[in-house]
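Now for the letters of each chain:
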Amino acid sequence: MADLARLLNPKSVCFVGGGQMEGPILASRRAGYEGQIYVVNPKRSEIAGIACFQSIADLPEAPDAAMVGLSPARSVEAVAALSKCGAGGAVVIVSGFAETGEAGHDLQKRLIDGAGEMPLLGPNCMGFINQFSGAAIWADDTPIARQDGPAAALISQSGALMIGMLGVEQAFPVGYAASIGNQAKTTIGDLIHGVIMDERIRVIGLYLEGINDGAVLGEACQAALSKGVPVIALKGGDGEAAEKVALSHTASMVVERDLWTAFKRRFGVVEVSSPKALVETLKLLTVGEAAKGNRLSLASYSGGFNGLAANRAASLGLALPAPSTDCHNRMEAVLPADVAIGNPFDLNIPFSAREGLSLERTEPVADLLCDFANDTGDQFVFFIDIPRGEGTEVDQVWAPSMDALIPLKEKYGKPVTVAGILPDGLPIELRERMQAHGIPALSGYSETMEAFSLSVEVGRILDTDREAPRTPSLLLGSSLDGVPSMLDEAQSKSLLSRYGLVMPERAVTARANLGDAGDRVGYPVALKVVSDEIAHKAKAGGVRLNIASRQELETAADDMARIVKDRSGVSVESFLVEAMVEYPASEMIIGIKRHPALGLALVVGRGGVSVEEEARFQTILLPLMNGDLEKVFDGLGLQGERARAAMAIACGSVARFAEDNQQSLHSLDVNPVIVTEEGEAIAADALIVMADPQNVPREESQENKEWSYG
């Protein structure tokens, strides 16, 4: 991290490349960067008025930061030369590496090897900007808004989104902005660790196309949280189309929505819905602070807008409590008779008046709003759109009401925000003035309301998770080679029963001993085909339930063998005879899924034959932590203390099996888990897929062992 701090806060910068280096040099100069700037180009005498060195070896000192903009092969050579001379770090802006396929992967490996211990951003990225110092190690000429702090850090896998946020948004206090591309060496997690070393950083914003190392990123998010720095993330798409884009853009692995939700929950990450919502949330948490509750006090000059805001607040989990009777009476005593009192509050008072309350009287307005806010909210917002002045003074009539927010903040002691209903509702001068007084100035009513909601979530996370025990490392295991192999139901159940998963009484047998197996288990029974080739036994005709007698069992077996052969081409050699579960109340599913970057995860949901259609499930990253299952059961609506306790035991059994087999387990499904009226959780079916099943002991059949019972 010390090396990364040198890169992020460079006293000297070297640009290696051609004419495209003029942009960041000009941007740094305009921003007042005071460090030393070098340029390396063997064919040009100068770039942007700076004399060029012929080679990196000719530099008079090792630069703290370097930007490399050569062809991919020559960039590899330049990075190796920078590492050899002791540079603090390099940014490779060119593409043509892992995002292009196998040849690009080989080139990227050479790039990593050449960097050695030196930090490396990219390749295939825009670079980074330090707006505290004005240093632009950035592949473009872009406006730099110098910051003193507090400020946000912005880390993105998309350079174009970063250009928009930095070049278009105004009064946006960003200290560090980094576009990281392929993350060949230095990752998002590394950058999070680097920026939280700077005490001026209050919040971190991320744009993620995918995740390449969930353990590293999660640990970094947790480290930020422990310092009181929340992480706000905007995530790219989740589906197949998004995966193709991510792989071709930054060679990142897309994370499915349920796994992403589990990652957020595990590591305290808060998600926004759009780039604009990310900007407004970062402003709110940088200039202001997180709310301590979900009550919002809202004032404006528009009764019509207040109706929109009330609907939006309800959908976001924000409460707009009405003033208490005492507060109502106090407000009524100072307001004109025609002003309706409520929350949202329409501050429909005169601009000017000889006596009584008016917008020109700043302190009385501040006192009124403070009384209203203290009574109704955990944070206060004033929504207003100020008309353009354009040489007139029409905008000045609104200034006194904005002035009232400054003493209001001092008296209220909780977050105070001003926001434009429209994105251009507040002039830049007003935004900067308000933010100089610690009042966030946001724009766009919908994104602002989302930011208030997320502020509540951040406040809760900071209160409950900041001092929580460190999260154990994810169950990443190793990459699984070869084609995964499916175990049959009998073998799957045998393995899981050793971990305490409750099963019905059962027997595995050939056709010749089927009747004896049914008599021993006891009717009614279920009959299933035993096969490691058929995943969906019911669809293949390989399941019959509620068989009441020996004769019915034998007839069912003959029919089953014929139907399964016709439908799947598989010859049936063994059967599973299993006792029916009595007094079923509901069906659940417990499963394990694997992601290359996040490892193994437990899936819990409503089960049965329609599980895929209903898709009502929740996911937990493994290993399990205290409180994980309770939250999942709440989300699934699982009722009953005994049922929840039994399901917790069942989930724990599956999770322990996954942990012990993390190097070879591909996936697992226990479906259904039948929850009975008595509160038991009994696994009626199970399917395990392993990468290397040869060494897994199999449950013996009737030919080798008299009976095999759960």
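Structure first, text after, so check above.
Predicted, not measured: the structure shown is a model, and the values here were computed from it.

A. Representation of the pattern of salt bridges. Enumeration according to the criterion identifies 33 salt bridges in this entry. The shortest N-O distance in the salt bridge between D367 and K411 comes to 2.3 Å. Taken as a pair, D367 in helix α13 (residues 362-376) and K411 in helix α15 (residues 405-412) lie far apart in primary sequence, 44 residues in all. The exposure class assigned to D367 is partly exposed, which follows from its relative accessible area of 41%. Judged by its relative accessible area of 37%, K411 is partly exposed. Notably, a salt bridge pairs R644 with D634, separated by 2.9 Å at the nearest N-O pair. With R644 in helix α23 (residues 641-660) and D634 in helix α22 (residues 628-636), this pair connects stretches of sequence that are ten residues apart.

B. Up close: empty space enclosed by the protein. All chains considered together, the criterion is met by one cavity of 30 Å³ or more. Of the voids in this model, the largest cavity is the one considered here, and its volume is about 40 Å³. Lining the largest cavity, in full, are L8, F128, L154, I155, Y176, A177, A178, L191 and V195. Elements supplying a minimum of two residues to the lining of the largest cavity: β10 (151-156), β11 (174-179) and α6 (188-195). Split into classes, the residues belonging to the lining of the largest cavity amount to nine nonpolar, no polar and no charged.

C. Geometry of the environment of E429. With respect to the helices, strands and loops of the structure, E429 is situated in helix α16 (residues 428-436). When the C-alpha atoms of E429 and A171 are compared, they prove to be 8.8 Å apart, with 258 residues separating the residues in sequence.

D. Seen up close, the packing of aromatic side chains. Under the definition given, this model contains nine aromatic pairs. Each ring, one from Y38 and one from F53, has its centre 6.0 Å from the other, and the planes form 70°; the classification is edge-to-face. Residue Y38 is located in strand β2 (residues 36-40), and its partner F53 is located in strand β4 (residues 50-53); the two are separated by 15 residues in the primary sequence. Y38 gets classed as buried once you look at its relative accessible area, which sits at 8%. Summarising the aromatic geometry, the rings of Y301 and F382 are spaced 5.1 Å apart at their centres and angled 70° between planes, so their arrangement reads as edge-to-face. Remark: F382 occurs in strand β17 (residues 379-383) and Y301 occurs in the loop between β15 (296-300) and α11 (303-315); sequence separation between them is 81 residues.

Rules and cut-offs
Residues numbered from 1 in each chain as written. Predicted model: local features only at pLDDT ≥ 70, side-chain atom pairs only at ≥ 80, totals over all residues. Heavy atoms only, no water. Salt bridge = Lys/Arg side-chain N within 4 Å of Asp/Glu carboxyl O. Helix = DSSP H or I, 4+ residues; strand = E, 2+ residues; numbered from the N terminus. Buried < 20%, exposed > 50% of the residue type's maximum accessible area, 1.4 Å probe, protein only. 1 Å grid on protein atoms, 1.4 Å probe; cavity = no way out; pocket = protein on both sides within 12 Å on 5 of 7 lines; lining within 4 Å. Points joined across faces, edges and corners; volume = space filled by probe spheres on them. Nonpolar A, V, L, I, M, F, W, Y, C, P; charged D, E, K, R; others polar. Phe/Tyr/Trp six-rings, centres within 6.5 Å; stacked < 30°, edge-to-face > 60°.

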